[in-house]
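Here is what each chain is made of, one letter per residue.
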Amino acid sequence: MNMSRFAPGEIEPKWQSAWEKAGTFTATRDETRPKYYVLEMFPYPSGNLHMGHVRNYTMGDVVARYKASQGFSVLHPMGWDAFGLPAENAAMERKVHPGDWTYANIDNMKAQFRSLGLSLDWSREFATCDPEYYGQQQAMFIDFMEKGLVYRKNAVVNWDPVDMTVLANEQVEDGKGWRSGAPVERRELTQWFFKISDFSEELLDALDGLDNWPDKVKLMQRNWIGKSRGLQFAFSTVDAPDGFDRIEVYTTRPDTLMGASFVGISPDHPLAKALERDSAEIAAFNAECRKMGTSEEEMEKAEKKGVDTGLTVRHPFDTGWELPVYIANFILMDYGTGAIFGCPAHDQRDLDFARKYDLPVTDTFVALENGAPVENTAFTPPKTEKVRWLRSFAWDETATGEEAIAAAIRFCEENGVGHGVTKFRLRDWGLSRQRYWGCPIPVIHCDDCGVVPEKKENLPVELPKDVSFDKPGNPLDRHPTWRDCACPACGKPAQRETDTMDTFVDSSWYYARFTSPGAATPTNAADAEYWMNVDQYIGGVEHAILHLLYSRFFARAMQICGHLPQKAVEPFDALFTQGMVTHEIYVTRDERDRPVYHLPEHIEWTESGARLGATGEAVEVIPSAKMSKSKKNVVDPVNIVQAYGADTARWFVLSDSPPERDVEWTAAGAEAAFKHLSRVWRIATDIAGAEGPGTGDDDLLRAMHKAIHDVTMGIESFGFNTSVAKLYAFTNTLQKSKAGADARREAMRTLAQLMSPMTPHLAEEIWALLGGEGLVAAAPWPQADPAMLVEDTVIMPIQINGKRRAEISVPKDMSKEEVEKLALAHDAVIRALNGGAPKKLIVVPGRIINVVI
RNA sequence: GCGGGCGUGAUGGAAUGGUAGACAUAUCAGACUUAAAAUCUGAAGGGGUUCGCCCCGUGUGGGUUCGAGUCCCACCGCCCGCACCA
């Protein structure tokens, strides 16, 4: 047997079964130990692990293993976000049942997960499409109904008039249905909503307490919730249809009321709808607006257009002043009152609109100095900046926007023109989906009793298995018998709701279910009390708003219904958002110059550049982008694990790039990671055979303690790439060390331990080779001895006018005065001073000296 | 369009406001080898040099500071989110 060969294919399965046999990663409620709950956002079971998963779950694994070695009782579970559109697409394309497809994918991915050697407690695994899981979700839905957190109202959806089905935003391409190609229409349906808006203020305020969340995520959530203070008032109309003698508007800039030049209403505004009955032009405009998709992005990007209704309104301060009323495509019915007044001088969108329709532009304020009237750029200084007012109606000639807004609201309230109100941008959460592969909404429609929740003992309301996907639309709607049921209230024949829930509902409480995955209620109080909150949550920044905000809402709603303790209303104590894994893209062109993408493994590198291995055709290399199947810039982790082992894949995704940033996968990098691990193994086998004393034991042990300190700091601060760099450096030191066998053994064992969260299989192998006790996965984390970390002398750079010119080596605790004296005596300083005296001398003890001349 | 983020050698990146480029990749040189691979040792931001050193350099342009990759302002480029993708 060749002892020096690093053979991940042999050692990895061996240690994986050793951990399993020992139950190393089974989470147990142990009241005598502190707990630590590590959670990575669970995956959608697409069928194949990709490198992004490897990175995400490796990071969580480093934390989980590290915390376990620190004596925490660790919960590190895994499950599947298993409902959603792709399964229905597969059903349509391949005639497989979404459930069969999903569970087959889960089996596949689970096997791939296992090969990575993650410290997961698989006994807690569940999929959100398991009836046991979604049945508990239905029970909670009913609880939420009882607490008034659920209601129905009309909302618009993307409607495909050919397929007669509702489309998701991603299924709309250029305003057309992705399958039918038909122009999409906006259509109103009665839908179910969660009252997340009841919690707007609370969700906003509580962000301040999330100290271990990235500021950027908190800022994004703050802006999303969008608290604003403004004035709500009504314009009285002139010659408007019956019932529309007033138009309510909301504005955050009432101070610009004297610069108003038009009133704009949403195409979905009741007045707009009333007017289209008598005007072909308005009807056509509204119809065109309704052809746009429902996404806010699409509306905002569209050219700003409007149509003059012919109506006018009177200015509240001057009844002789009439403003035209436009229907405009950029006004959202969902925000404020669906109507605004436009002040072109101080809003770019309004200005563009005014120029287009030749409406007046009236400055209400100008800059304090050089205040020029607005031409083609609206004047929108920060609200905290003092400006000169031309048309103040209740405040000084110079005042800030903030001061003016407050004064304007006060003035309007005193004069009976509206009142100050606080509004939020956050809308209620529409959870209805007209689809099969989701959690059925557990309510029943009865002719006599109306909408009635299903009885809890009848849960779960299971999806029928016998459905067909040969036609578009919701199979639940056309199922011959599934809808039929008895009314839970009166017992008469009634019909089930056929809407299912948004998959965000599934992922809004899975973290709580992991604390007691088999419980007969959504959670178990003792388990939730012990394990909550999630101490470290890890996932992509793409979830910064929706998933995380919905989860925060759900935790509150669950607490109200008794499913979570009060302490868990903020379920994630710490959040880390990791970057993506990217790769170069390889393209050739077909005969019609369309791009043809190629997998990295089909590319060969020659001196003249990249070529297609099979044909030798030259390949264009496009800089890195997120790995995606359509661009074929993917590297299959299965291949990497087969070729190099899981430890290499893990080591690579942790190296080089900081975790929060994207990492580029390169073949050379993977090769290098493998080489390094091989080297570590070789050094370990050398050391295992070493005997006798040597020189420099103390230096090696000092380097070891430095490594313990640095690597630990790296893990604690999510700087895994710097931990890896320190491990490289320590490996170099150890390899060159001439220290005695005992010291080198100790250093090597410590190196294995420090690597164990990242490359656990190799670490176990080395640990066993060098006589470590038990599993390294169960060994306590090494402690750095502070006495071994202090240096006796420090090197201090000398700067002259801020530029480094020399350095001196001084004892660590030398006084400032003595350092100054030494610095001034230095050749370079004497030369620079040229006989003169320094203007200033700055000494930062232990750091730097700066001589200002 | 709106909100958020990022930008450092050939490449990935390091750097509590204090020596810019740690560590690694690719490259080059040397050792070992019949040879190659593997391994080991070493060099290396760009430019200049009288070989003492000097100048320039962290997307661009300004600013604060004894000192800025780091803080502030503006701009450019790329990435993420925008409520039915997950």
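These remarks concern the structure in this document. (Residues numbered from 1 in each chain as written. Chains lettered and ligands numbered in written order. Predicted model: local features only at pLDDT ≥ 70, side-chain atom pairs only at ≥ 80, totals over all residues. Heavy atoms only, no water.)

## Observations concerning the state of the cysteines
Consideration 1: A complete count under the given rule lists 0 disulfides for this structure.
Consideration 2: Its sulfur unpaired, Cys-129 is 11 Å from the next cysteine sulfur, which belongs to Cys-439.
Consideration 3: Relative accessible area serves as the criterion here: at 5%, Cys-129 is assigned to the buried category.
Consideration 4: The thiol of Cys-487 is unpaired, and the distance to the nearest cysteine sulfur, on Cys-446, comes to 3.6 Å.
Consideration 5: A residue is classified by how much of its surface remains accessible, and Cys-487, at 3% relative accessible area, is buried. (Disulfide = S-S within 2.5 Å. Buried < 20%, exposed > 50% of the residue type's maximum accessible area, 1.4 Å probe, protein only.)

## Points about the pattern of salt bridges
Consideration 1: Under the counting rule described, the total for this entry stands at 47 salt bridges.
Consideration 2: Across the pair Arg-290 and Glu-276 runs a salt bridge, and its minimum N-O distance is 3.1 Å. Placement of the pair is Arg-290 in helix H9 (residues 280–290) and Glu-276 in the loop between helix H8 (270–275) and H9, with a sequence separation of 14 residues.
Consideration 3: Exposure remark for Glu-276: the relative accessible area of 23% places this residue in the partly exposed category.
Consideration 4: The structure contains a network of salt bridges with shared partners spanning Arg-186, Asp-268, Glu-276 and Arg-290. (Salt bridge = Lys/Arg side-chain N within 4 Å of Asp/Glu carboxyl O. Helix = DSSP H or I, 4+ residues; strand = E, 2+ residues; numbered from the N terminus.)

## Remarks on the protein's contact with RNA strand B
Consideration 1: Inspection of the region around RNA strand B gives 66 residues, with Asn-169, Glu-297, Arg-435, Arg-847 and Asn-850 positioned closest.
Consideration 2: Each atom of RNA strand B within 4 Å of the protein belongs either to a base or to sugar and phosphate, the latter forming 65%.
Consideration 3: At 3.4 Å from a base nitrogen of RNA strand B is found a main-chain nitrogen or oxygen belonging to Ser-432.
Consideration 4: At 2.8 Å from a phosphate oxygen of RNA strand B is found a side-chain nitrogen or oxygen belonging to Asn-732.
Consideration 5: In terms of residue count, helix H22 (residues 720–736) provides more of the surface near RNA strand B than any other element does, 7 residues in total.
Consideration 6: Considered class by class, the residues forming the surface near RNA strand B number 23 nonpolar, 18 polar and 25 charged. (Near = heavy atom within 4 Å. Polar contact = N/O pair within 3.5 Å; in protein donor to acceptor, adjacent residues only side chain to side chain. Nonpolar A, V, L, I, M, F, W, Y, C, P; charged D, E, K, R; others polar.)

## Here we look at unusual backbone geometry
Consideration 1: That bond from Leu-459 to Pro-460 is cis: its omega, -5°, falls within 30 degrees of zero.
Consideration 2: With respect to the helices and strands, the residue Pro-460 is situated in the loop between strand S21 (450–453) and helix H13 (475–478).
Consideration 3: The omega torsion of the bond from Met-532 to Asn-533 falls at 5°, within 30 degrees of zero and hence cis.
Consideration 4: Along the chain, Asn-533 turns up in the loop between helix H16 (525–531) and strand S25 (536–540).
Consideration 5: The backbone of Asp-239 shows a phi angle near 55°, a positive value even though the residue is not glycine.
Consideration 6: Mapped onto the fold, Asp-239 is located in the loop between strand S8 (227–238) and strand S9 (246–251).
Consideration 7: Positive phi is not limited to glycine here, since Phe-718 has a value of about 60°.
Consideration 8: On the basis of relative accessible area, Phe-718 is assigned to the buried category, the value being 10%.

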